[in-house]
Amino acid sequence: MPFNFAEAGKHVQTEMPVPELPIASIRNRLRDANTRHRSHVLIACALAAIAVLGSGTLLAAMLLGGVRVWLSGNKAAVDMTSFALILNPNADDLRRVTTDATFPVVLPVGIPKGMHMNALVFSPADHPTFIEVMYRNSQTDARSGQFLLLDSSTLNHGAAPTLPNGEKLPAGKVTHWSVGRESVIVLGAGQHAAMKAAMSGITPAESLARTLPMLYRTIILADQDKLADEAEAIAPAEGQSVLLDRGHLGEIARLARSNKSVTYTRETIFEPHPSVAGKPDFAHAKRHFITTTAVSAGGVRAIAAVLASGACGSTGTTRSGRSCQILINERSGRAYWIWVLPFNASSAPTKYVVDRTTFRVLHRG
């Protein structure tokens with residue numbers, strides 16, 4: 001399936017100098033199994049977003065690892081040599097990262113209504129001194145900037161050193177302030193006085209409590225769009241809910257025959273990447289994927305039974321024949337609840353209940 005890098009372009013359409021990214025190489029390296037397709041596309045997009053301020057590989061940075069930030073007036077430069085990435089983080093992810101950080105993390109507050117946190121970047125992976133959060137409105141595709149939160153003791157003041165090839169790290173305009181032991185850097189020269197004031201008068205625990213409602217409870221193995229928001233609205237509070245797009249649905253019949261589950265990449269850890277002529281070589285960067293189960297083998301059989309009924313268009317395996325996405329909710333010892341979410345906005349979701357033992361499908365409207 002071809003990759004769509006339109007989203008990556010949206011991230012880098014700013015006034016800041018942006019180093020050229022080897023998109024073709026990244027695309028080739030990320031073209032893995034179909035079940036990982038969506039997460040790998042988003043990883044490539046996140047890499048493009050990270051490069052907004054520029055990324056190079058300095059000898060000192062390679063020795064220290066992680067992320068280094070230089071702040072000079074209202075400009076900042078970033079060098080990233082290793083980091084971890086979580087797409088559509090859940091509450092457990094955010095609690096873990098903020099708890100493990102080396103500084104009291106005050107998350108951004110005053111984010112516009114309707115936003116969801118769609119990416120969480122942090123480094124080092126075990127005890128972060130650097131955290132980046134990004135937000136997106138799935139209904140309008142509006143972005144709420146990139147927020148860099150870092151341990152103030154690690155912030156470098158002044159211009160970044162020259163790269164080994166004689167070039168300098170690109171520096172972009174930013175807005176910045178401090179909250180206790182945390183330095184906050186917001187990409188761009190926008191007005192953030194209200195946010196600065198709000199963050200200055202809130203505790204880390206309070207900022208976390210305000211942020212949790214902006215996380216998806218549902219595992220989104222699909223585009224973060226209107227259907228994702230619709231799935232989030234109807235997913236039960238109990239159990240585990242997962243939204244699957246047409247790409248994943250195309251794999252269901254094969255997985256069901258093999259009695260296999262649907263797995264996904266929960267977290268991606270990027271090791272220190274090599275450099276060519278002083279620039280990051282993303283094409284040969286090593287990554288570790290931390291995977292987990294999204295839908296159990298029984299849940300896969302339940303989805304296969306619903307698909308076989310023709311509830312989502314073609315009963316074949318071709319993705320193009322599917323006219324929906326599917327939301328499944330699994331709870332221990334309970335029947336599988338499955339919703340068919342049509343792409344046609346005028347059609348309402350249809351709920352099915354599938355028996356755990358017989359896999360008989362009941363239509364519940």
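Here we have 11 strands laid out as an open sheet, ordered 7-1-2-8-9-6-5-4-3-12-15, and mixed in their pairing. Strands with a single pairing partner mark the edges of an open sheet, and in this sheet they are strand 7 (156-157) and strand 15 (287-295). The sheet contact formed by strand 3 (residues 83-87) and strand 12 (residues 262-270) spans 3 bridges and is antiparallel. Each residue of the ladder has a partner; that of F83, found in strand 12, is F270. Across the sheet, helix 6 (residues 193-200) touches strand 6 (143-151), strand 8 (172-179) and strand 9 (182-187), and the angle it forms with strand 8 is around 25°.

Right, let's get into the sheet that holds strand 16 (residues 324-330). Strands belonging to one sheet form pairs held by backbone hydrogen bonds; the direction of such a pair is parallel or antiparallel. Judged by pairing direction, the sheet is mixed, and its 6 strands sit side by side in the order 10-11-16-17-18-19 without closing on themselves. Sheet topology places strand 10 (219-221) and strand 19 (361-363) at the edges, where each strand pairs with a single neighbour. Taken pair by pair, the neighbouring strands of this sheet meet at an average axis angle of 20°, ignoring direction. Helix 9 (residues 246-257) rests against strand 10, strand 11 (240-244) and strand 16 of the sheet, and its axis sits at about 65° to strand 16.

For a regular strand, side-chain orientation follows a simple rule: the groups alternate between the two sheet faces. With 6 of 7 residues buried, strand 17 (residues 336-342) lies mostly within the body of the structure. In this sheet, strand 17 lies alongside strand 16 in antiparallel orientation, the contact comprising 6 bridges. The partner of L327 across the bridge, within strand 17, is W339. Between strand 16 and strand 17, which pair antiparallel in sequence order, lie 5 residues; one of them, G333, sits at a positive phi of approximately 75°. Strand direction decides the pairing type here: strand 17 and strand 18 (residues 350-354), joined by 5 bridges, are antiparallel. Across the sheet, residue W337 finds its bridge partner in strand 18, namely V353.

So, on to the pairing of strand 16. Counting buried positions over the 7 residues of strand 16 gives 7, a clear majority of the element. Both faces of strand 16 are covered, namely the face carrying C324, I326, I328 and E330 and the face carrying Q325, L327 and N329.

Next up on the list: the state of the cysteines. Each disulfide consists of a covalent bond between the sulfur atoms of two cysteine residues. Throughout the structure, instances matching the rule amount to 1 disulfide. In this model, C312 is linked to C324 through a disulfide, with the two sulfur atoms separated by 1.8 Å. Looking along the S-S bond of the C312-C324 disulfide, the torsion reads about -115°, which is the left-handed sense. Remark: C324 occurs in strand 16 and C312 occurs in the loop between helix 10 (297-308) and strand 16; sequence separation between them is 12 residues. Residue C312 shares its accessibility class with C324, and that shared class is buried.

Conventions used here
- Residues numbered from 1 in each chain as written.
- Predicted model: local features only at pLDDT ≥ 70, side-chain atom pairs only at ≥ 80, totals over all residues.
- Heavy atoms only, no water.
- Pairing = 2+ DSSP bridges.
- Helix = DSSP H or I, 4+ residues; strand = E, 2+ residues; numbered from the N terminus.
- Contact = heavy atoms within 4.5 Å.
- Axes fitted to C-alpha atoms, helices over the stretch in contact; angles between N-to-C directions.
- Buried < 20%, exposed > 50% of the residue type's maximum accessible area, 1.4 Å probe, protein only.
- Disulfide = S-S within 2.5 Å.

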